[in-house]
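Summary of the model geometry
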Amino acid sequence: MRKLMTLLTVALLTSSLASFGQMKSGKINGTVIDGSTKIIESATITLHRQKDSSVAKMSVADKTGKFVFEGIGEGKYFVSISAVGHQKGYSEVFELTATHQSVVLKTIELIPQATSLGGVSVNAKKPLIEQKPGKTVVNVDASPTNAGLNVLELLEKAPGVSVDNDGNISLKGKQGVLILIDGKQTYMSGADLASLLKNMPSSNLDQLEIMTNPPAKYDASGNSGIINIKTKKSVIKGMNGNVTLGYTQGIYGRTNNGLNLNYRNNKVNLFGGYNFGTWEGFNRLIIDRNFYRNGVLDGSSDQVSRPHFQGVYHSIKAGADYYFSKKDILGFVVNGNFNNGNEDPRSSSNLRDAPGNLLSKLNSQSYNTRAFSGLTTNLNYKHTFDSTGREITADLDYASYNNNSHTELTTESYDANNIKVGSDIILRGTIPSMIDIYTGKIDYVHPFRGGLKLEAGVKSSYVKTNNQVDYLRNSGGNWEVDNRSNHFVYTENINAAYAIFSKTIKKWNLIAGLRLENTNAKGHQVRNDSAFTRHYTNLFPNLGVGYELSEKNQFNFSYSRRITRPNYDALNPFVFFLDSLTYGQGNPYLQPQFTNNFEISHTFRRFLTTTLNYTQTDDIITELLKQDTEKKITYQTRENFSKMKQFGIAVMANFPVTKWWNTNMYVNVFNNHYTGMYQADPVDIQFTSFMGNMNNTFTLGKGWSAEISGWYRSKTTEGLLVANHMWAVNSAITKQILKKKGTVKAGIRDIFWTQAFSGYAKYSDVDVNVSSKRDSRQFNLTFTYRFGKTNIAPARRKTGGATEEQNRVNTGGN
């Protein structure tokens, strides 16, 4: 040990003498801006030696935000920047050598933060939308009119995001978005995920991060990218929180209330929350169908269904971080979601011959109930090795979901003269579903000399789903077991590893990553004792190249390969009835789909971004409508269609019109092209579509602000279904009260009640027209009160490892 110390001492002395003898002729140039791309003047600039973070020199930015260091000796350095009302910023590590004596740093962006002066809160306002490398960020609190909205309503306002009437989310015209909450997946999909997001108030959120080509550290799932919902849950010291009370009135009334608390001292950070609400609504669904036999019209049906639904929800969250030292943190998070509801759809169907004459009529009455409970837990640890950013994190996650549903469908038959025929047919079903998910992951970050950084990690997950459906049928006599009863058990293990290298070279920013995922799955239908197993291993590369041509022009290129595995409910072969002529059924033989995404973007003056994209998805998982002409039945299922290609161009701008009026605009033109085979018939569906949204915020003074926003989507394709145009206009006004600790907001969504879906599917023997109108025009009134410490700054927002798996759970909802 003594010899080692001697050698180290000699080495350090030699290095110091060599540095002393060198001519100090190095030069460093840079620029600092804030989160809204505005110049920050008089910021304090500090040049640090990389080896020990000691101060080499200090300077101050000029009125244009530029700074320079001259007469700097050879060596490795980094720059730190501090300014009032902003979080501290840092540059990448760089090196001055005899052959490389001048460095131009990449523009450094400081993030505004809240400060406290004599008990008075001073907030540096963030822009509503920021374009950052590799992602678009929506700052929720930047618009006071976001108060009282839920997450789905916020996503409708986000650039490039669209939400349909069922809560399904698309990004840039592509389905298959992976939703994360604080970096971890919800393990939910479909109606259950929509229910969770509808019941999550905006007062809980900090940011929405939208990534169309996420790096390899994230799960490779998600055809169109990732949306990360970042919540608030950390403070510096002391306690703070907020209370939200909300009421919404459409045709029916709804409530949304919540409480959030945060507390931190020197060693412990505690956070938690509780949300409660009620929901009620309706839908008017019209389905018109034509049936063909050998290419000739054989008959038709017209159907009207009127579902009415209502329920209550509760959600709780609790967590803690314990700081053993400045380098070691241990934390845990527990989330619980509970949702009980019922639905009583009434349907009337007319069956007709080819000329349109009425043959018979069916009336159906259903009563469905569901009780859902979900519990997710996360245990996490983080160790920081040194001040260069070298760290290791570990996560263990467990999630459990239970869904108990009951259904009863009664069908009455009438002839053409409206005379009842035969006895009522009653189908009664009990549908329990249980899902258990276990995951573990480790991530490591290691910065090297010369600005090179390595990120690497491993992850393993195990999922078991146990689904059962027991149907009883009564046709006027005794109850009998229906042959559509079933029991399906599915297990899945995914093992993954990744590595990412990134480096900044002068004006170039380079990142390259590779992720490996090994999947092992098994499905077993217990009743008929049939099973399948699948084993496959895939590589998912990721590449990003950024070039800063000048302060006014930046260019970026990105590529990623991604996978979308079937949702757990999509693999479930059970039959779920809407009425006697319409049902849905899973497909246990679904295979994963694979997507290649390419994007090129240009940013002008850091406010106008133009993006070109190309996407190709093979074996795309597509919702299909199938028909039984003989029985006049239509059912929905999913199959692997051949492929989908998309070309698109998007433009996003964020700018102030005046001092009191700020506008965010997003427009996207894209072409979706589906090709493949349906049964023995070729299918070729292609549409060029337009979507756009605009958000205008007005600062009116004396605590008043207002917003007018809207969106429009032209005719487009949603799988093989063609959706007609749809649009909506929203408005709101807010007032800060109680010394700016309280906010009252009144708003109207879908003012003209135009958010109504209609569309059609026409391929092979399928000819269906669908329209749906919901309780979308709503008036809402919200009150939010913030209490406790005002000098709050973001601390540690922990993310877990159970992300991709959670988004594939479907548990139903409103």
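All residue numbers refer to position in the chain's written sequence, counted from 1. Given that the model is predicted, a residue must reach a pLDDT of at least 70 before its local features are reported, and side-chain atom pairs must reach 80 or more before they are shown or counted; all residues, however, enter totals for whole chains, interfaces and linings. Hydrogens and water are ignored here; the side-chain numbers use all heavy atoms of the structure.

We now examine the overall build of the protein. Regarding its fold elements, the protein presents four helices and 52 strands. Of all 814 residues assigned to the protein, the portion counted as buried reaches 50%. The criterion used for residue contact is that any of the two residues' heavy atoms lie within 4.5 Å. Contacts in the protein between residues at least 24 apart in sequence constitute 66% of all its contacts with a sequence separation of at least 6. Surface exposure of the protein reaches about 36,200 Å², of which carbon and sulfur atoms provide 59%. Only runs of H or I of at least four residues qualify as helices and only runs of E of at least two qualify as strands under DSSP, and these elements are numbered from the N terminus. Per-residue accessibility, obtained with a 1.4 Å probe over protein chains only, is compared with the maximum for each type, and a residue is labelled buried under 20%, exposed over 50%, and partly exposed between these values. Under the convention used here, a 1.4 Å probe and the Shrake-Rupley method define accessible areas, while residue burial counts only the protein chains that appear.

The salt bridge criterion pairs a side-chain nitrogen of Lys or Arg with a carboxyl oxygen of Asp or Glu, the two atoms within 4 Å. For the coordinates displayed, the defined rule picks out 24 salt bridges. Notably, a salt bridge pairs Arg352 with Asp302, separated by 2.7 Å at the nearest N-O pair. Separated by 50 residues along the polypeptide, Arg352 in strand 26 (residues 346-352) and Asp302 in strand 23 (residues 296-306) bring together distant segments of the chain. Here Arg352 falls in the partly exposed class, since its relative accessible area comes to 23%. The class for Asp302 is partly exposed, based on a relative accessible area of 22%. Across the pair Lys441 and Asp443 runs a salt bridge, and its minimum N-O distance is 2.5 Å.

Here Ser705 lies in strand 45 (residues 704-713). Nitrogen and oxygen atoms within 3.5 Å of one another constitute a polar contact, given that in protein one can donate a hydrogen and the other can accept it, and given that sequence-neighbouring residues count only through two side-chain atoms. A polar atom in the side chain of Ser705 sits 2.5 Å from the side chain of Thr734.

Pairing of aromatic side chains here covers Phe, Tyr and the six-membered ring of Trp, requires ring centres within 6.5 Å, and sorts the geometry by plane angle: under 30 degrees stacked, over 60 edge-to-face, intermediate tilted. Counting across every chain of the model gives 30 aromatic pairs. Ring geometry for Phe372 against Tyr401: centres 5.9 Å apart, planes inclined by 15 degrees, an arrangement best described as stacked. Highlighted residues: Phe372 in strand 27 (residues 358-384) and Tyr401 in strand 28 (residues 391-415), separated in sequence by 29 residues. The same class applies to Phe372 as to Tyr401, namely buried. Think of it as a cone above the ring: NZ of Lys or CZ of Arg counts as a charge over the ring if it is within 6 Å of the ring centre and within 35 degrees of the ring normal. Just above the ring of Phe291 sits the side chain of Lys632; from NZ or CZ to the centre is 5.7 Å. Seen from the ring of Trp753, Lys773 lies directly overhead, with NZ or CZ sitting 4.5 Å from the centre.

In this section: the sheet that holds strand 41 (residues 633-640). Two strands pair under a simple rule: DSSP has to find at least two bridges between them. Read across the open sheet, the four strands follow the order 36-37-41-40; overall the sheet is mixed. For this open sheet the edge positions go to strand 36 (575-579) and strand 40 (621-628), each flanked by a neighbour on one side alone. Ignoring which end each strand starts from, the neighbouring axes of this sheet average 25 degrees apart. Of the pairings in the sheet, the one linking strand 36 to strand 37 (residues 582-585) comprises four bridges and is antiparallel in character. Axis angles are defined between N-to-C directions and span 0 to 180 degrees, where every axis is a line fitted to C-alpha atoms and, for a helix, only to the segment in contact.

Turning to the nonpolar core, a few remarks are in order. Within this scheme, the nonpolar core is defined by two criteria: the residues are buried Ala, Val, Leu, Ile, Met, Phe, Trp, Tyr or Cys, and they are joined through side-chain atoms within 4.5 Å. By size, the foremost hydrophobic cluster in this structure holds 31 residues, and its most contacted members are Leu155, Val161, Ile169, Leu197, Leu205, Ile227 and Ile229. When contributions to this core are tallied by element, the ones reaching two or more residues are helix 2 (151-157), strand 14 (161-163), strand 15 (169-171), strand 16 (177-181), helix 3 (190-198), strand 18 (205-211), strand 19 (225-231) and strand 42 (643-658). In contact with Leu205, other than residues within four places in its own chain, are Val140, Asp141, Val151, Leu154, Met200, Ile229, Lys230, Thr231 and Lys232. In this structure, Ala399, Leu427, Leu571 and Ile621 belong to the second largest nonpolar core, which totals 20 residues.

What follows covers the sheet that holds strand 18. Across the sheet, which stays open at both edges, the six strands sit in the order 12-13-18-19-16-17 with mixed pairing between neighbours. The open sheet has two free edges, formed respectively by strand 12 (129-132) and strand 17 (184-185), since each of these has just one partner strand. Pairing of strand 13 (residues 135-139) with strand 18, which is carried by four bridges, proceeds in the antiparallel orientation. Bridge pairing in strand 18 places Val137 opposite Glu209.

Mapping Gly71 onto the fold places it in strand 4 (residues 66-72). Between the C-alpha atom of Gly71 and that of Ile28, which follows or precedes it by 43 residues, the distance is 9.2 Å.

Patch membership requires over 30% relative accessible area and the absence of a salt bridge. Like charges are linked within 9 Å, and nonpolar side chains (Val, Leu, Ile, Met, Phe, Trp, Tyr) within 5 Å. A contiguous nonpolar surface patch, about 650 Å² in accessible area, is contributed by Tyr322, Phe324, Leu330, Phe332, Leu379, Tyr381 and Leu396. Looking at the nonpolar patch, the elements that each hand over two or more residues are strand 25 (328-343) and strand 27.

Moving on, we come to the side chain of His308. With respect to the helices and strands, the residue His308 is situated in strand 24 (residues 308-323). At 2.8 Å, the side chain of His308 and the side chain of Glu280 are in polar contact. Not counting chain neighbours up to four residues away, the residues in contact with His308 comprise Tyr252, Glu280, Gly281, Phe282, Asn342, Glu343 and Asp344.

In the Ramachandran plot, Leu738 falls in the positive-phi region, its phi being about 55 degrees despite a non-glycine side chain. Within the secondary structure, Leu738 is located in the loop between strand 48 (726-737) and strand 49 (742-749). With a phi close to 55 degrees, Trp753 is a non-glycine residue in the positive phi region.

This paragraph deals with the confidence of the model for the protein. Mean pLDDT over the protein stands at 84; residues scoring 70 or higher make up 88%. Here residues 114-124 scores under 50 on pLDDT; set against residues more than four positions off or in separate chains, the count is 19 contacts. You can read pLDDT as the predictor saying how much it trusts each residue, on a scale of 0 to 100. The model gives residues 791-799 a pLDDT under 50, and that stretch makes 38 contacts with residues more than four places away or in other chains.

Here we take up the environment of His673. Counting through the fold element by element, His673 comes out in strand 43 (residues 661-678). When neighbours within four sequence positions are excluded, His673 is seen to be in contact with Lys643, Met644, Lys645, Asp684, Ile685 and Gln686. A polar contact of 2.8 Å, which involves the side chain of His673, links it to the side chain of Asp684.

A word on the pairing of strand 35 (residues 553-564). Of the pairings in the sheet, the one linking strand 34 (residues 530-548) to strand 35 comprises seven bridges and is antiparallel in character. From the neighbouring strand, Gly544 faces strand 35, where its bridge partner is Ser558. Between the end of strand 34 and the start of strand 35, which pair antiparallel, lie four residues. One ladder, built from 12 bridges, connects strand 35 with strand 38 (residues 593-604); its direction is antiparallel. Within the sheet, the bridge partner assigned to Thr564 lies in strand 38 and is Gln593.

Before going further, it helps to examine the environment of Lys57. Inspection of the secondary structure assignment puts Lys57 in strand 3 (residues 55-60). Between the C-alpha atoms of Lys57 and Ile72, which are 15 residues apart in sequence, the distance is 8.7 Å. Those residues in contact with Lys57 that sit more than four places away from it in its chain are Ile45, Thr46, Leu47, Phe69, Glu70 and Ile72. A polar contact is formed between the side chain of Lys57 and the backbone oxygen of Glu70, at a distance of 2.7 Å.

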